[in-house]
Structures are given as structure tokens and as C-alpha cells.
Amino acid sequence: MDQRQALAAFGALSQETRLHIVRMLVVSGPDGMAAGAIAEKAEVSPSNVSFHLKELERAGLIAQQRESRSIIYTANYEALGGLIRFLMEDCCGGNREICAPSAAVAACCTPATKGELQ
């Protein structure tokens, strides 16, 4: 992730509803959530959630996929992990043991795909 991408991601996450949506999608895992369910759980109107989803997608933090008549949104775990790695890449003046826990978090940001879940 470069600085321009990080700025776009942080800009998108700097709004309360969008941050809440990303956190919901991270929790939902690879199955994601339908736009209507996101709106309901975030307690915002469908038009409002549509605006926020578009901003998050533009920043590369979420992805969408059509399933039948629904649009399913999922967190982009690679981008979220990249954002953490961007913050930590020059961490701690070369003392890797200080950064090790954060690096482990960034490395785990790729959940199993739908078919791999038991």
C-alpha cells in the first residue's frame, strides 16, 4: 500500500458510520452481508448506506458481489492488512520484537474463503 492509498483508506474510515460498516463486515467474514442487512444493523436508511458503501469501495476497503437479487458486501482483508502494514513498516527503530504483535495481526487479515470454512 502506498501513501495515496493509505490516505484514501483513512479518509473513508474517518466517518463514524463507515467505520462501523467496515467493522461489521470484518466480523461477518467471507460470507459478507447484504446491503439491506447492513443498513438495518447500522440503523441508517438504504440510500445513506449506499452512499457509505460506495465511499468504502472507492477506497478499496470493501468489495461487492451480486448474488441473485442481492448485492453482498465483504471486507477487503488484503487492503485492511495492507493498511496495518503501511503504518508499521518502519516501526520501532529496528526493534522488531516491539512490532511483532502488530505484524502478526496484519498477517492474519485473510479469513478462510466460504468453501474452506468448516
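Above this text sits the structure in question.
All of these numbers come straight from a predicted model, not from anything done at the bench. (Residues numbered from 1 in each chain as written. Predicted model: local features only at pLDDT ≥ 70, side-chain atom pairs only at ≥ 80, totals over all residues. Heavy atoms only, no water.)

So, about the overall build of the protein chain. Within the protein chain one finds six helices and three strands. Counting from the amino terminus, the protein chain carries its helices and strands in the arrangement α-α-β-α-α-β-β-α-α. The burial tally for the protein chain puts 33% of its 118 residues in the buried class. Across the protein chain, contacts joining residues at least 24 apart in sequence account for 57% of those joining residues at least 6 apart. (Helix = DSSP H or I, 4+ residues; strand = E, 2+ residues; numbered from the N terminus. Buried < 20%, exposed > 50% of the residue type's maximum accessible area, 1.4 Å probe, protein only. Contact = heavy atoms within 4.5 Å.)

Turning to the side chain of Arg18, a few remarks are in order. Here Arg18 shows up in helix H2 (residues 16–28). Despite its burial, Arg18 remains without a salt bridge, the nearest opposite charge being carried by Glu55 at 5.1 Å. Filtering out sequence-adjacent residues up to four positions away, Arg18 remains in contact with Gly11, Ala12, Phe51, His52, Glu55 and Leu56. (Lys, Arg positive; Asp, Glu negative; His and termini not counted. Salt bridge = Lys/Arg side-chain N within 4 Å of Asp/Glu carboxyl O.)

A separate point is the sheet that holds strand S3 (residues 70–75). If you walk across this open sheet you meet the three strands as S1-S3-S2, and the pairing is antiparallel. In this open sheet, the two strands that pair with only one neighbour each are strand S1 (33–34) and strand S2 (62–67). Of the pairings in the sheet, the one linking S2 to S3 comprises six bridges and is antiparallel in character. Looking at the pairing, Ile62 lines up with Ala75 of S3. (Pairing = 2+ DSSP bridges.)

Before going further, it helps to examine the side chain of His52. Secondary-structure assignment places His52 in helix H4 (residues 46–58). Leave out the neighbours within four places in its chain, and His52 touches Gln15, Thr17, Arg18 and Ile21.

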